[in-house]
Amino acid sequence: MSMLITGISELVTCDETVEDGSGSPLTRGLGVVEDAALVVGGGGEDSAPVVEWVGPAAQAPDTDWAIDLGGQAVIPGFVDSHSHLVFAGDRSAEFAARMTGQPYDGGGIAVTMAATREATDAQLRALLQARVAEMRAQGTTTVEIKSGYGLDVEHEVRALRLAREVTTETTFLGAHVVPPDARGEGGREAYLDLVCGEMLAACAPHARWVDVFCEPASRYAFDGEESRRVLEAGRAAGLELRVHGNQLSEGPGVQLAVELGAASVDHCTFLTDADVDALAGSGTVATLLPGVEFSTRQPYPDARRLIDAGVDVALASDCNPGTCSSSSMPLMIALAVREMGMTPAEALRAATVGGARALRRDDVGQVRVGRRADLAVVAAPSVLHIPYRVGVPIVRALEI
């Protein structure tokens, strides 16, 4: 069975194999097809639908059935490559305190840890499913989900097991912070032993990735050598690498990520020239999380500096209970355009194909024959409306 999707005013493919001379200068580089159509086939219980044909609507082939989108734009579904969705509890008071001047230092994670440990599987599953549905309602079709709010063996395994029910992109983040009960004398080293030993062994079967909050500026997070130990242990257990780095200050996170060949280093708020040079010559993506800066009043990352240096850049939500309680990738695009020096086209690419690169995926983030038909619809004639109509829910995943 094949389905024709027509009535597309502007189809963004992000297909890098096609020379893009179409569209306006403001959408150049997106692989835009105007007055477009596409054909989707396959699918069923055991396989995802795939794109079978892309082109002008006037040249569309016959199919078994069709839907008409009535002049809306279509984009690849957003690839949100950094989120923390398995949690319980509320930290709105912490947000309100930051808005009156209280600085962020990473310590609030302990509040979420306590609430998450107390929640039942059923409660966490319901919260997780609601958050994923919220993301799809805003155009996200691929999401990475981290653990990191259990911080003991039992609850880290549980978080990853639940996350695996909704995504294959699961990340072991036992090294999120040192939990409160391990902050006494000798406790920090003992906790690292646990993370790199028993906890990792129990969590690795449920994870694709290992991550660490490499942030010497926070007394709760991990320094460069501690982070290296976590990452090397994770790699030895068969996991691929990601890094939280350079969020609160310049530090070792970016250089460590590049040295070890991590797929992505996330935050990148404070960078030296050496950090930018290292990223530019590497296969490590710089994943920027502007919702965090919005929610913590920190400076925004300088995306223009990274892009001009030739660094691969992704945008992600970092949806979490403490520093960015937003799952909206359209908001991240608007912030990147307004605050970080990105063009609308660059921001949209970073939220789609950029996120796919950060996850080392070649089957999502583009509309291309043979790729997954993970699509999103924009209730507007042009994708420029995504940052233009900030805060308005005009993007949704296309359910096929």
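In what follows, the structure referred to is the one given above.
So, here's what we can say about the structure. Nothing here was measured: the structure is a model prediction, and the numbers come from that model.

### Let's talk about the layout of surface pockets
Logical step 1: By volume, the largest pocket amounts to about 380 Å³.
Logical step 2: Those elements that place two or more of their residues in the lining of the largest pocket are α1 (92–99), α3 (121–136), α9 (290–296) and α11 (329–339).
Logical step 3: Among the residues forming the lining of the largest pocket, the class breakdown is 8 nonpolar, 10 polar and 5 charged.

### Overview of the sheet that holds strand β2 (residues 32–42)
Backbone-to-backbone hydrogen bonds join strands into a sheet, with any given pair of strands oriented parallel or antiparallel.
Logical step 1: The sheet built from 6 strands is open, its strands ordered β3-β2-β1-β4-β14-β15 with mixed pairing. Looking along the sheet, the strands with just one partner apiece sit at the ends: β3 (49–56) and β15 (395–397). Averaged over all pairs of adjacent strands, the angle between strand axes in this sheet comes to 40°, irrespective of strand direction.
Logical step 2: Note: strand β1 (residues 2–12) against β2, 8 bridges, orientation antiparallel. Residue pairing in the sheet places glutamate 10 in a bridge with glutamate 34 of β2.

### Points about the nonpolar core
Logical step 1: Within the largest apolar cluster, 84 residues are counted, with the highest numbers of intra-cluster contacts made by Ile75, Phe172 and Leu315.
Logical step 2: Residues in contact with leucine 315, not counting those within four places in the same chain, are Val79, Leu288, Pro290, Met329, Met332, Ile333, Ala336, Met340, Met342, Ala347, Ala350 and Ala351.
Logical step 3: Counting residues in hydrophobic clusters, the runner-up holds 16 residues, among them Met3, Leu38, Val40 and Leu375.

### Concerning the environment of arginine 396
Logical step 1: In this fold, arginine 396 is placed in strand β15.
Logical step 2: Sequence spacing of arginine 396 and valine 74 is 322 residues, and the spatial spacing of their C-alpha atoms is 9.8 Å.

### Quick notes on the pattern of salt bridges
Side chains bearing opposite charge may pair, as long as their charged atoms lie close to each other.
Logical step 1: Using the criterion set out here, one finds 27 salt bridges in the structure.
Logical step 2: Between arginine 368 and aspartate 15 there is a salt bridge whose closest N-O contact spans 3.9 Å. Here arginine 368 is found in the loop between α13 (353–358) and β14 (375–378), whereas its partner aspartate 15 is found in the loop between β1 and β2, with 353 residues between them in sequence.
Logical step 3: What makes arginine 368 partly exposed here is its relative accessible area of 24%.
Logical step 4: Across the pair arginine 338 and glutamate 339 runs a salt bridge, and its minimum N-O distance is 3.9 Å.
Logical step 5: Judged by its relative accessible area of 62%, arginine 338 is exposed.
Logical step 6: A relative accessible area of 36% places glutamate 339 in the partly exposed class.
Logical step 7: Through salt bridges with shared partners, one network takes in Glu169, Arg208, Glu240, Arg360, Arg361 and Asp363.

Reading the values: rules and limits
- As a convention, each chain's residues are numbered from 1 in the sequence order in which they are written.
- Local features in a predicted model are, by the rule used here, given only for residues with pLDDT of at least 70; side-chain atom pairs are given and counted only at 80 or more, and totals for whole chains, interfaces and linings are based on all residues.
- The basis for the side-chain values is all heavy atoms of the structure; hydrogens and waters are excluded.
- A pocket, in this scheme, is an open set of points on a 1 Å grid over the protein atoms alone with protein on both sides within 12 Å along at least 5 of 7 lines, while a cavity is a set where a 1.4 Å probe fits but cannot get out; residues line either one if an atom lies within 4 Å of a point.
- Grid points are joined across faces, edges and corners, and a volume is the space filled by probe spheres set on the points.
- Each helix corresponds to a stretch of at least 4 residues labelled H or I by DSSP, and each strand to a stretch of at least 2 residues labelled E; elements are numbered beginning at the N terminus.
- Three residue categories are used. Nonpolar comprises Ala, Val, Leu, Ile, Met, Phe, Trp, Tyr, Cys and Pro, charged comprises Asp, Glu, Lys and Arg, and polar comprises the others, including Gly.
- DSSP bridges decide pairing: two strands pair if at least two such bridges lie between them.
- Working convention: axes come from line fits to C-alpha atoms, limited for helices to the stretch in contact. Angles between N-to-C directions cover 0 to 180 degrees.
- We define a nonpolar core as any set of buried Ala, Val, Leu, Ile, Met, Phe, Trp, Tyr and Cys residues linked to one another through side-chain atoms lying within 4.5 Å.
- Each residue gets one of three labels from its accessible area relative to the maximum for its type: buried under 20%, exposed over 50%, partly exposed in between, using a 1.4 Å probe on protein chains only.
- Working rule for contacts: check all heavy atoms of both residues, and any pair within 4.5 Å makes them a contact.
- By definition here, a salt bridge exists when the distance from a side-chain nitrogen of Lys or Arg to a carboxyl oxygen of Asp or Glu is within 4 Å.

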